[in-house]
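A closer look at the structure
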Amino acid sequence: MIFTVAIDGPAAAGKGTIGRALAARFGFRHLDTGLLYRAVGAKGGDPVAAAEGLVPSDLERDDLRSLAAGQAASKVAVIPEVRAALVDFQRRFARAEGGAVLDGRDIGTVICPEAEVKLYVTASAEVRAHRRWLEVGGDQSLVLAEVRERDARDMGRADAPLRAAADAVVLDTSEMTVEAAVARAIAVVEQTLEGRG
Ligand code: DC
């Protein structure tokens, strides 16, 4: 079965948690596409060459989850040649046999517009910054500024800006528990699977 769940939304909205839960529930493979951009940003040097030469072990660095790596990722992600170098891998992953969940910024709009399920997972900037701060600590107002800066860059870039696909189900997790958000996402996927018979 070819079945793609595309999950897009801003930083720290809960995309990864929901993506992993869906993959576990339905036996699909999961790709956190932000890691590709984080790995390109972390490599340093020419970002286009880094994207073209990306290998699986680049995704295993243990410094990819930091705030600095997120900012570096968001900066290299505005470069069209970097995005172009990562398209084929993501498309192949999305349409391989067995079902796939991909989370990112442009999965439902650019990478896989034919995805069977599209979710746009969001939450207020304050709630997202608070969640990120619980993970990374430090000065909470700086974490909020970082979230806002990344939102502005990810939504404002010319190539594949972050936005909800017209046919995406929007899930605002600002006032939802993780369990409730996951349950809602599971229900959306189940409904689509049932509709296919
Ligand atoms: O999801 P994340 O926070 O790990 O993503 C890091 C950055 O990578 C994000 O700020 C923008 C970029 N990104 C992107 O442009 N397109 C994607 N599909 C995923 C991430």
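Okay, so let's go over this structure.

**Quick word on the overall build of the protein chain**
The number of helices and strands found in the protein chain is 9 helices and 5 strands. In the structure as shown, the protein chain presents an accessible area of about 9,100 Å², 56% of it carried by carbon and sulfur atoms. Put simply, the protein chain has 25 plus and 29 minus side-chain charges, and the middle of one group is 1 Å from the middle of the other.

**Brief notes about the environment of Val-40**
Locating Val-40 in the fold gives a position in helix α2 (residues 34-43). Val-40 sits 78 residues away from Lys-118 along the chain, and the two C-alpha atoms are 26 Å apart. Non-local contacts of Val-40, meaning those with residues more than four positions away in its chain, are made with Pro-47, Ala-50, Ala-51, Leu-54, Val-76 and Val-82.

**Details of the environment of Arg-25**
In this structure, Arg-25 sits in helix α1 (residues 15-26). For Arg-25, a relative accessible area of 42% gives the class partly exposed. Residues Arg-25 and His-130 lie 105 residues apart in sequence; the distance between their C-alpha atoms is 28 Å. Each residue touching Arg-25, except ones within four places of it in the same chain, is listed here: Ile-186 and Glu-190. A polar side-chain atom of Arg-25 sits 2.4 Å from a polar atom in the side chain of Glu-190.

**Some remarks on the packing of α2 against helix α5 (residues 80-95)**
Following both chains from N to C, one finds α2 and α5 inclined at 140°, their axes separated by 11 Å at the closest point. Taken together, the axes of α2 and α5 lie oblique to each other. Considering how the two elements wind past one another, α2 and α5 form a crossing that is right-handed. Contacts from Leu-36, Tyr-37 and Val-40 in α2 reach Val-82, Arg-83, Leu-86, Phe-89 and Gln-90 in α5. Residue classes in the contact of α2 with α5 are distributed as 6 nonpolar, 1 polar and 1 charged.

**Considering the pairing of strand β1 (residues 4-8)**
Across a regular strand the side chains alternate sides, sitting on one face of the sheet and then on the other. Counting buried residues along β1, 5 of its 5 residues qualify, which places the element largely inside the surrounding structure. As paired elements, β1 and strand β3 (residues 100-104) share 5 bridges and run parallel to each other. Opposite Thr-4, over in β3, you have Ala-100 as the bridge partner. Note: β1 against strand β4 (residues 117-122), 4 bridges, orientation parallel. If you follow Ile-7 over to β4, its bridge partner there is Leu-119.

**Structural notes on the pattern of salt bridges**
Pairing between side chains of opposite charge can happen when the charged atoms of each approach one another. Inspection of every chain in the model, using the stated rule, returns 16 salt bridges. With a closest N to O distance of 3.9 Å, Glu-114 and Arg-95 form a salt bridge. Highlighted residues: Glu-114 in the loop between α6 (107-111) and β4 and Arg-95 in helix α5, separated in sequence by 19 residues. One salt bridge connects Asp-154 with Arg-157, and the closest N-O pair in it is separated by 3.9 Å.

**Describing the site of the ligand**
What surrounds the ligand is a group of 14 residues, the closest being Arg-38, Arg-83, Arg-150, Asp-154 and Arg-157. At 2.6 Å from an oxygen atom of the ligand is found a side-chain nitrogen or oxygen belonging to Arg-38. Contact distances for the ligand include 2.8 Å between an oxygen atom and a side-chain N or O atom of Arg-150. For the ligand, whose free accessible area comes to 450 Å², the fraction covered by protein is 96%. Where the shell around the ligand is concerned, the elements lending two or more residues are α2, α4 (67-76) and α8 (140-156). In terms of residue count, α2 provides more of the shell around the ligand than any other element does, 3 residues in total. Residue classes in the shell around the ligand are distributed as 3 nonpolar, 4 polar and 7 charged.

The rules behind each value
Residues numbered from 1 in each chain as written. Predicted model: local features only at pLDDT ≥ 70, side-chain atom pairs only at ≥ 80, totals over all residues. Heavy atoms only, no water. Helix = DSSP H or I, 4+ residues; strand = E, 2+ residues; numbered from the N terminus. Areas by Shrake-Rupley, 256 points an atom, 1.4 Å probe, with all protein chains shown as cover. Lys, Arg positive; Asp, Glu negative; His and termini not counted. Charge placed at Lys NZ, Arg CZ, Asp CG, Glu CD. Contact = heavy atoms within 4.5 Å. Buried < 20%, exposed > 50% of the residue type's maximum accessible area, 1.4 Å probe, protein only. Polar contact = N/O pair within 3.5 Å; in protein donor to acceptor, adjacent residues only side chain to side chain. Axes fitted to C-alpha atoms, helices over the stretch in contact; angles between N-to-C directions. Parallel < 35°, antiparallel > 145°, perpendicular 65-115°, else oblique. Left-handed = near helix turned anticlockwise from the far one by under 90°. Nonpolar A, V, L, I, M, F, W, Y, C, P; charged D, E, K, R; others polar. Pairing = 2+ DSSP bridges. Salt bridge = Lys/Arg side-chain N within 4 Å of Asp/Glu carboxyl O. Near = heavy atom within 4 Å.

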